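Below, each chain spelled out in residue letters.
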Protein chains: 2
Amino acid sequence: MVFNLGVLGALASDRFAGRVEALGIKPKHAALLAALDDGSAASQQELATRLGVVPSLIVALADQLQELGAVERVRDPEDRRRQMLTLTAEGRRLLARCAETAEAVDADLTDGLTPAQRTALARHLRTLGERQLPH
Amino acid sequence: MVFNLGVLGALASDRFAGRVEALGIKPKHAALLAALDDGSAASQQELATRLGVVPSLIVALADQLQELGAVERVRDPEDRRRQMLTLTAEGRRLLARCAETAEAVDADLTDGLTPAQRTALARHLRTLGERQLPH
DNA sequence: CTGAATCATTCGAGCTGTGAACGATATGGA
DNA sequence: TCCATATCGTTCACAGCTCGAATGATTCAG
């Protein structure tokens, strides 16, 4: 079961990566956009802990998203060491397209399953995620 | 759902990797041992295609497993270019411990689920795997 | 017998993520 | 006020992983 879960997860991630590549980004960028979407503005340090990655990685991701016009960097007037990241309108558009991509991959993945099987699988994965993942 | 599947798969793989590290190997080694177990002896080339990796990777994996005494390399008398890999008794022991490890990770992952939920999840993953994975 | 193909192996290259330094700023205590 | 210490963002060099091309040995076809 671990192996099944492992390879299926890798398969799903690869397919998503392959599709968002057409948007000029990688899955990590999408994760950053999603993290910015709920909670709005946030310092890069906070985003690093929220995503569970090292701060230097946020720098690279934010650089590239900034070039795409998806995020803006603004110095926090309260603490001028902090760079506050915010989603732009373009960033929200990009995030929406990421969501569409995810749904397309979902449909692709569950192709051939009955609607009942599909929802049952989604429910099981959700409960497993709630038990295993920090939230 | 893609994201849930992706992160859960990565989580499962990481946990398995962390545990088999105590056996001195990595998940890829376990995959190679498992591939050798059904089908017995096989050339490295064949194993490469069977596992979907490049032949040069098999070389490194076989080197390390040979050092552990888990596999043996024997030139095929029919075609002296081929190196036939075979499991040793030690290799079978190692594979058995990998299986135990996988079960432990399974138990860990499904901790808190009812037996019914557990089997339902396993069944769903299996059907999804049969539909999506080449076999 | 010779040229092309196949197998295992080695080696170099690209990509990713990490950890250590650094400069700028902030904070707390003498 | 001043100084030591901590924090934030950034850069950079480095290790780990996998792939692809080149090599040598061997086999096969004509």
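Residues numbered from 1 in each chain as written. Chains lettered and ligands numbered in written order. Predicted model: local features only at pLDDT ≥ 70, side-chain atom pairs only at ≥ 80, totals over all residues. Heavy atoms only, no water.

Residue and element names in this part refer to chain A. Viewed as axis vectors pointing N to C, helix α3 (residues 44-51) and helix α4 (residues 55-67) meet at an angle of 110°, and their least axial separation amounts to 9 Å. Judged by the angle between their axes, α3 and α4 are roughly perpendicular. Within the contact between the two elements, α3 uses Gln44, Gln45, Leu47, Ala48 and Leu51 and α4 uses Pro55, Ile58 and Val59. Its residues placed into classes, the contact of α3 with α4 shows 6 nonpolar, 2 polar and no charged. (Axes fitted to C-alpha atoms, helices over the stretch in contact; angles between N-to-C directions. Helix = DSSP H or I, 4+ residues; strand = E, 2+ residues; numbered from the N terminus. Parallel < 35°, antiparallel > 145°, perpendicular 65-115°, else oblique. Contact = heavy atoms within 4.5 Å. Nonpolar A, V, L, I, M, F, W, Y, C, P; charged D, E, K, R; others polar.)

What follows is about the pattern of salt bridges. Following the criterion strictly, the structure yields 14 salt bridges over all chains and no others. Glu46 of chain A is the partner of Arg50 of chain A in a salt bridge, and the nearest nitrogen-oxygen pair spans 2.8 Å. Here Glu46 of chain A and Arg50 of chain A lie together in helix α3, a separation of 4 residues that amounts to about one turn. Owing to a relative accessible area of 38%, Glu46 of chain A belongs among the partly exposed residues under this scheme. Salt-bridge contacts for Asp108 of chain B lead to Arg19 of chain B; the nearest nitrogen and oxygen are separated by 3.5 Å. Here the residue Asp108 of chain B occupies a position in helix α5 (residues 89-109), and Arg19 of chain B occupies one in helix α1 (residues 2-20), the gap between them amounting to 89 residues. (Salt bridge = Lys/Arg side-chain N within 4 Å of Asp/Glu carboxyl O. Buried < 20%, exposed > 50% of the residue type's maximum accessible area, 1.4 Å probe, protein only.)

Moving on, we come to the packing of aromatic side chains. Taken as a whole and judged by the stated rule, the model has 2 aromatic pairs over all chains. Their ring planes at 85° and their centres at 5.1 Å tell us that Phe3 of chain A and Phe16 of chain B sit as a pair that is edge-to-face. A residue pair is termed interchain when its members come from two chains, as with Phe3 of chain A in helix α1 (residues 2-20) and Phe16 of chain B in helix α1. (Phe/Tyr/Trp six-rings, centres within 6.5 Å; stacked < 30°, edge-to-face > 60°.)

All names here are of chain A. Pairing in this open sheet of 3 strands is antiparallel, and the strands run β1-β3-β2 from one edge to the other. Edge strands, defined here as strands with exactly one partner in the open sheet, are β1 (42-43) and β2 (71-76). As paired elements, β1 and strand β3 (residues 79-87) share 2 bridges and run antiparallel to each other. Bridging from a neighbouring strand, Ser43 pairs with Met84 of β3. Sitting on the sheet, α4 touches β2 and β3, and the angle it makes with β2 is about 120°. (Pairing = 2+ DSSP bridges.)

Taking 1.5 Å per residue as the helical rise, helix α6 (residues 115-132) of chain A with its 18 residues ought to reach 26 Å, and the 26 Å between its terminal C-alpha atoms agrees with that figure. For α6 of chain A, the full list of buried residues reads Ala120, Leu121, His124, Leu125, Leu128, Gly129 and Gln132 of chain A. The arc enclosing the buried residues of α6 of chain A, seen along the axis, measures out at 170°, which places them on a common side. Residues of α6 of chain A that are exposed and point more than 90 degrees away from the buried face comprise Pro115 and Ala116 of chain A. Looking at the packing, one finds that the buried side of α6 of chain A touches α1, α5 and α6 (115-132) of chain B. (Expected span 1.5 Å × (residues − 1). Arc of directions from axis to C-beta.)

Inspection of the region around DNA strand D gives 16 residues, with Gln44, Gln45, Arg73 and Arg81 of chain A together with Arg80 of chain B positioned closest. The sugar-phosphate backbone supplies 77% of the atoms of DNA strand D found within 4 Å of the protein. One of the side-chain N or O atoms of Gln83 of chain A is found 3.1 Å from a phosphate oxygen in DNA strand D. Of all elements in the fold, only α3, α4 and β3 of chain A reach the threshold of two or more residues within the surface near DNA strand D. By residue number, the principal contributor to the surface near DNA strand D is β3 of chain A, which donates 3 residues. Grouping the constituent residues of the surface near DNA strand D by class yields 2 nonpolar, 6 polar and 8 charged. (Near = heavy atom within 4 Å. Polar contact = N/O pair within 3.5 Å; in protein donor to acceptor, adjacent residues only side chain to side chain.)

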